[in-house]
Amino acid sequence: MSTSTRFFRLLSLLQTHRYWSGDELAERLDVSLRTVRRDIDRLRDLGYPVQADRGVGGGYQLASGTAMPPLVLDDEEAVALVVSLQSSVHGGSSTLAEAALRAMGKIVPVLPARLRKRAQALTASTVPLNSQYSAPDPVNPEVLVAFAQACRDHERIAFDYKDAKGAKSSRRVEPAQLVNVGNRYYLVAFDLDRDDWRSFRVDRAQNASPRALRFAPRAAPGGDAAGFVRAGLRGTEPQDISARIHASAKKVEPLIGRWFQIEAIDANSCLVRTENMNLNWAAFGLAMSQAKVSDIQPAELRTLLDSWTENLSS
């Protein structure tokens, strides 16, 4: 075992956060106890807080420090991490989803191709049970990361795209921003071949290829990328949706806060608002509040919820 391989193997063992006696580590690494002590000192010099406890049951253990040092992952751990991050991108709160996407931007590009394929296959073939956040179509994590990095770096990118009717095309764009709508991501970008702004569902994109061509960023239409996506999804006429939920804003926020703006009315009720392109999705969101709902607008949404109630109670 080479010195570098032994060093990373030691770090991998310590990251299990169990106590390891010096003799155990020496046996695992097939080295002397003196070499183990020297490697432990090297880890400490690099900022890894390795504790040494004496006595029966004691040994070496990696403790929490003031900053997170680099981690060493084996193949299975790396695949599990990517799959978990992608689940968080689609299923967590908006803050958690943004953090997961940033983490994917650091991990996916350095992942070996064979592990990227394993992670993608596992994600595509796994269906969550009863998750209100689950995406109906799998997103290629490499595409999502490539779009996020191109937005960040103001770099042109090309990709293959299939629209809602199944028509395929190749696109060259200057990306502006990723927008999370419900359980999907959309890329807002200026389409160079069409000389106009477009929004693209990320799960319909493949083979994203950065062009290493920087551009001066343009302002999204109306200065609001999210508004541009909403307008495209609901048509030209805005549709305001609102309802009174008979539960406190504090209770409702973690349940449907990612879809609705929530304003407390009193200690036991709140007003929720959104501009939603799909009344079925809005109805689902209100049902997820797990409370009585009244004062529902527009009338079409009331009718839809009435039909749901009738069908479910029949």
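The structure reproduced in this document is the subject of the present report. (Residues numbered from 1 in each chain as written. Predicted model: local features only at pLDDT ≥ 70, side-chain atom pairs only at ≥ 80, totals over all residues. Heavy atoms only, no water.)

## Things to note about unusual backbone geometry
- Note that the residue after Gln 297, namely Pro 298, is joined by a cis bond; omega there is 5 degrees.
- Within the secondary structure layout, Pro 298 lies in the loop between strand E11 (293-297) and helix H11 (299-313).
- Within the chain, Asp 30 stands out as a residue other than glycine whose phi angle is a positive 60 degrees.
- Here Asp 30 is to be found in the loop between helix H2 (22-29) and helix H3 (33-45). (Helix = DSSP H or I, 4+ residues; strand = E, 2+ residues; numbered from the N terminus.)

## Examining the sheet that holds strand E6 (residues 196-201)
- Pairing is antiparallel across the open sheet formed by five strands, whose spatial order is E6-E5-E4-E3-E7. Two strands in the sheet have a free side with no partner beyond their single neighbour: E6 and strand E7 (205-214). With direction set aside, neighbouring strand axes in the sheet form an average angle of 45 degrees.
- Pairing between strand E4 (residues 168-181) and strand E5 (residues 184-191): eight bridges, direction antiparallel. If you follow Val 181 over to E5, its bridge partner there is Arg 184. (Pairing = 2+ DSSP bridges. Axes fitted to C-alpha atoms, helices over the stretch in contact; angles between N-to-C directions.)

## Focus: the pattern of salt bridges
- The final tally for this structure, using the stated rule, is 13 salt bridges.
- Linking Asp 153 and Arg 152 is a salt bridge whose minimum nitrogen-to-oxygen distance equals 2.8 Å.
- Classification of Asp 153 by relative accessible area gives partly exposed; the value is 26%.
- Assessed through its relative accessible area of 56%, Arg 152 is described here as exposed.
- Residues Glu 263 and Arg 273 are paired through a salt bridge, measuring 3.1 Å at the closest nitrogen-oxygen approach. Here Arg 273 lies in strand E10 (residues 269-275) and Glu 263 lies in strand E9 (residues 261-266), a separation of ten residues in the sequence. (Salt bridge = Lys/Arg side-chain N within 4 Å of Asp/Glu carboxyl O. Buried < 20%, exposed > 50% of the residue type's maximum accessible area, 1.4 Å probe, protein only.)

## Focus on the packing of aromatic side chains
- On inspection of all chains with the given rule, the structure shows six aromatic pairs.
- When the centroid spacing of 5.1 Å and the interplanar angle of 80 degrees are considered together, the rings of Tyr 161 and Phe 200 count as edge-to-face. You can see Tyr 161 sitting in strand E3 (residues 155-162) and its partner Phe 200 sitting in strand E6, a full 39 residues away along the chain.
- Its relative accessible area of 8% is what places Tyr 161 among the buried residues.
- Aromatic ring contacts, followed pair by pair, group Phe 147, Phe 159, Tyr 161 and Phe 200 into a single cluster. (Phe/Tyr/Trp six-rings, centres within 6.5 Å; stacked < 30°, edge-to-face > 60°.)

## Regarding the packing of helix H10 (residues 279-287) against H11
- In the contact formed by H10 and H11, the axes pass within 10 Å of each other and the chain directions differ by 65 degrees. By crossing handedness, the relation of H10 to H11 is classed as right-handed. Counted together, Leu 279, Asn 280, Ala 282, Ala 283, Phe 284 and Leu 286 of H10 and Glu 300, Leu 301, Leu 304, Leu 305 and Trp 308 of H11 form the full contact between these two elements.
- Its residues assigned to classes, the contact of H10 with H11 shows nine nonpolar, one polar and one charged. (Left-handed = near helix turned anticlockwise from the far one by under 90°. Contact = heavy atoms within 4.5 Å. Nonpolar A, V, L, I, M, F, W, Y, C, P; charged D, E, K, R; others polar.)

## So, the sheet that holds E9
- Overall, antiparallel pairing links the four strands, which are arranged E9-E10-E8-E11 in an open sheet. Every interior strand has two partners, whereas the edge strands, E9 and E11, have only one. Shown here is a sheet whose adjacent strand axes are inclined to one another by a mean of 20 degrees, direction ignored.
- Both strand E8 (residues 240-245) and E11 contribute to a ladder of three bridges, which runs antiparallel. By the bridge assignment for E11, Ile 245 is matched with Val 293.
- Packed on one face of the sheet, helix H9 (residues 249-256) meets E8, E9 and E10 and runs near 165 degrees to E9.
- Where H10 meets the sheet, it contacts E8, E10 and E11, and its direction lies at approximately 15 degrees from that of E8.

## Regarding the nonpolar core
- If you look at the biggest cluster of nonpolar residues, it comprises 21 residues, and the most contacted ones within it are Ile 245, Val 252, Ile 256, Phe 260, Val 272, Leu 286 and Leu 301.
- Of all the elements in the fold, those that place two or more residues in this core are E8, H9, E10, H10 and H11.
- Per-element accounting of this core gives the leading share, five residues, to H10.
- Aside from chain neighbours lying at most four places away, what touches Leu 286 is Ala 243, Ile 245, Phe 260, Val 272, Val 293, Leu 301 and Leu 305.
- Core analysis: the next-biggest nonpolar cluster, separate from the first, contains 19 residues, Leu 101, Val 143, Leu 187 and Phe 200 among them. (Core = buried A, V, L, I, M, F, W, Y, C linked by side-chain atoms within 4.5 Å.)

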